[in-house]
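Here's the letter readout for the chains.
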Amino acid sequence: MRNGCNRLPLCGKLPDAVEELTMRHCLACFTLALILYCVGARGQSTSPSPAPLTVIRAGTLIDGVSEAPRKNQLIFVRGKRVEKVADGSAAIPSGSHVIDLSNATVLPGLIDAHTHIFLWGEDPSKGGYDANILKAGIALRAARATYAARRALDQGFTTLRDVETEGAGYGDIEIKQAIEEGTIPGPRLFCVTRAISTTGGYNLEGYAPELDMPKGAQLVDGPVEARKAARQQLEHGADWLKVYMTHRSWVDKEGKLVSQPTLTVEELQAIVDEAHGWQKKVACHAYNGIGLQRALDGGCDSIEHGLEITDAQIAQMKRLGTWYCPTLSPYYDDWAQPDTLEGKRDRARAAVHEISFKKALQAHLKIVYGTDMGGIPWTEPIAQEFKRMVSMGMAPMDAIQSATSRSAEMLDMKGEIGVIAAGAYAEVVAVAGDPLKDIGELEHVRFVMHDGSIFKNEIGK
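Residues numbered from 1 in each chain as written. Predicted model: local features only at pLDDT ≥ 70, side-chain atom pairs only at ≥ 80, totals over all residues. Heavy atoms only, no water.

Some points on the overall build of the chain
For the record, the criterion: Only DSSP runs of H or I with at least four residues qualify as helices, and only runs of E with at least two residues qualify as strands; both kinds are numbered from the N terminus onward. Three labels apply to residues, based on accessible area from a 1.4 Å probe with only protein chains included: buried if under 20% of the type maximum, exposed if over 50%, partly exposed otherwise in between. Contact between two residues is taken to exist if any of their heavy atoms lie within 4.5 Å; hydrogens are not considered. Under the convention used here, a 1.4 Å probe and the Shrake-Rupley method define accessible areas, while residue burial counts only the protein chains that appear.
Helix and strand counts for the chain stand at twelve helices and 19 strands. Residues classed as buried in the chain amount to 50% of the 461 residues present. Of the contacts formed within the chain by residues at least 6 apart in sequence, a portion of 67% connects residues at least 24 apart. With the model as given, the accessible surface of the chain reaches about 21,600 Å², and the carbon-plus-sulfur share is 54%.

Right, here's the structure in full:
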């Protein structure tokens, strides 16, 4: 009993002591948490200092969307974006970096919607197309693609839609990554990766049948294979898909251009359905005839080349809102001899192409600028297509918009690229002369700003 009574007071005091210690501990923890919270909140409330302001004085501004140029404009650039565009009399904050292009014509960065950075020309005397795949290893091809990307940017093309690697797999995605991480200079890339055709529908061809030759595109047969190829390419980062709806072309006995069709409507529909499910688009290489009709019936988003388009097909494109990327230049140079089958084909291609382009202009189809660079050597001027378009009746401002705001819309970047306006990426180029009087001025870009950083400046102070 005594031992029990002696324990009772102790048992009664212990909880009080523990409770006091616990309360002190909790109060200390609360106080520390409150201090840390206040410090953190104070740190979060402190806004980061704004990026430095660059102001470009534009003597003449072609903004990519307006139908007429504007004189004496100021372009305010902060970070990667255009902050505002104002009249030349607007105040410039002290400390701004001012670039004087008051004696130049300033435009948005140009967009080429049809290139091949992994192709190095197709000169028959140097082995033609096949030499690209058979005689250049992937390291050499990647080095050449790096050169092509830099050359595009140097000429004022700040965005490319690169429509397949021609046997270089997913190399375009990795070139894009290298550009984005700052390892190499280059434009914004929209990549197609491998492209898709059918058995008998793409190079390499003409070799011994027992040889398993590499192909420039991924070949499929049937809707199941077509959908799987689409999924594979999308999984590996394709921004667009490209399909070859025609392959070889020749002149028949009546002198008409004929093109071999490739994918069926059902095969194309599987690809388009898959791409659209990923919110991506499908470009269709299509010369004419059955293959071009299948491209339209299968729901393609853009027709590439479109050498011979009938009136009914133009009406269908107009109704569907299909984009047209004509790539005129490759079909007017380096014709084979006129007395050969290839020479007759080359001349027939050019003849019908001009007619189709003029019909497309008259119908107000949505035309975007594309050169097929890569098929054309990258040493040639990328802006050469402008002269060709204007010579066939396109107004200079219309041609410029085909390479700026219109291509941006096709690429789902309306208002972000292809325009100089508040909120757009700071993609700015300049030429010394007036491209509305001489469209050839665009072959001599003297100033290039890409994502707010100056890449080239041969004219501004």
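Brief notes about the sheet that holds strand β7 (residues 188-191)
Spelled out, the test is: In short, DSSP must find at least two bridges between two strands for them to pair. Think of each axis as a best-fit line through the C-alpha atoms, taken over the contacting stretch in the case of a helix, with angles from 0 to 180 degrees between the N-to-C directions.
Strand order across the open sheet formed by three strands is β5-β6-β7, with parallel pairing between neighbours. Bordering the open sheet on either side are β5 (110-115) and β7, each of which pairs with just one other strand. The sheet shows a mean angle of 15° between the axes of neighbouring strands, taken without regard to direction. In terms of strand pairing, β5 meets strand β6 (residues 157-162) through four bridges, oriented parallel. The residue bridging isoleucine 111 from the neighbouring strand is threonine 159, located in β6.

Brief notes about the nonpolar core
Selection criterion: Residues enter a nonpolar core if they are buried and are Ala, Val, Leu, Ile, Met, Phe, Trp, Tyr or Cys, with the set joined through side-chain atoms within 4.5 Å.
Counting 81 residues, the largest nonpolar core has Ile303 and Phe386 as the members making the most contacts within it. The element contributing the most residues to this core is helix α9 (residues 341-363), with six residues. In this structure, Tyr129, Val163, Trp240 and Val368 belong to the second largest nonpolar core, which totals 25 residues.

Regarding the packing of aromatic side chains
This is how the line gets drawn: Whether two aromatic rings pair depends on their centres lying within 6.5 Å, for rings of Phe, Tyr and Trp, where Trp uses its six-membered ring; planes under 30 degrees apart make the pair stacked, over 60 edge-to-face, and the rest tilted. Whether a charge sits over a ring depends on NZ of Lys or CZ of Arg being within 6 Å of the ring centre and within 35 degrees of the ring normal.
One pass over the structure, following the stated rule, counts six aromatic pairs. Between the aromatic rings of tryptophan 120 and tyrosine 147, the centroid separation amounts to 5.6 Å while the plane-to-plane angle is 70°, which identifies the pairing as edge-to-face. In this pair, tryptophan 120 sits in the loop between β5 and α2 (128-134) while tyrosine 147 sits in helix α3 (residues 138-154), placing the two residues 27 residues apart along the sequence. Pairing tyrosine 287 with tyrosine 331 gives two aromatic rings, centres 6.0 Å apart and planes at 90°, and the pair type is edge-to-face. Of this pair, tyrosine 287 sits in the loop between β13 (281-286) and α7 (289-297) while tyrosine 331 sits in the loop between β15 (323-325) and α9; the two residues are 44 residues apart in sequence, bridging distant segments of the chain. Look at tyrosine 331 and you get buried, because its relative accessible area is 8%. Through successive ring pairs, a cluster of aromatic residues spans Tyr129, Tyr202 and Tyr244. The side chain of arginine 81 reaches across the aromatic face of tyrosine 425, ending 3.8 Å from its centre. Over the face of the ring belonging to tyrosine 425 we find arginine 188, whose NZ or CZ atom lies 4.6 Å from the ring centre.

What to know about the sheet that holds strand β1 (residues 53-61)
The seven strands are arranged β3-β2-β1-β4-β17-β18-β19 in an open sheet whose pairing can be described as mixed. Lying at the two open borders of the sheet, with one neighbouring strand each, are β3 (81-87) and β19 (453-457). Strand-to-strand twist of the sheet, defined as the mean angle between neighbouring strand axes without regard to direction, takes the value 30°. Each of β18 (447-450) and β19 is contacted by α3, which is oriented at about 80° to β19, the strand it contacts most.

Some details on the environment of glutamine 177
Relative to the helices and strands, glutamine 177 is located in helix α4 (residues 171-180). When the C-alpha positions of glutamine 177 and leucine 189 are compared, they lie 9.3 Å apart, and in sequence the two are twelve residues distant.

Topic: the environment of glycine 95
Here glycine 95 is to be found in the loop between β3 and β4 (97-108). C-alpha separation for the pair glycine 95 and proline 52, spaced 43 residues apart in sequence, amounts to 8.5 Å.

Describing the pattern of salt bridges
Note the following rule: One side-chain nitrogen of Lys or Arg within 4 Å of one carboxyl oxygen of Asp or Glu is enough to make a salt bridge.
On inspection of all chains with the given rule, the structure shows 21 salt bridges. In this structure, the salt-bridge partner of arginine 227 is aspartate 273, at a minimum N-O distance of 3.0 Å. You can see arginine 227 sitting in helix α5 (residues 223-235) and its partner aspartate 273 sitting in helix α6 (residues 265-277), a full 46 residues away along the chain. Arginine 406 is the salt-bridge partner of aspartate 398, the closest N and O atoms lying 2.5 Å from each other. Residue aspartate 398 is classed as partly exposed on the basis of its relative accessible area of 25%.

Describing the side chain of threonine 105
This is how the line gets drawn: We define a polar contact as two N or O atoms separated by no more than 3.5 Å, with the added condition that, inside protein, one atom must be a possible hydrogen donor and the other a possible acceptor, whereas residues neighbouring each other in sequence contribute only through side-chain atom pairs.
Residue position: threonine 105 is located in strand β4. On the basis of relative accessibility, which here comes to 5%, the residue threonine 105 falls in the buried class. Looking at threonine 105, its side chain comes within polar contact range of the main-chain oxygen of glycine 433, at 2.7 Å. Every residue in contact with threonine 105, bar those within four places of it in the chain, is listed here: Thr60, Ile62, Val429, Ala430, Val431, Gly433, Asp434 and Pro435.

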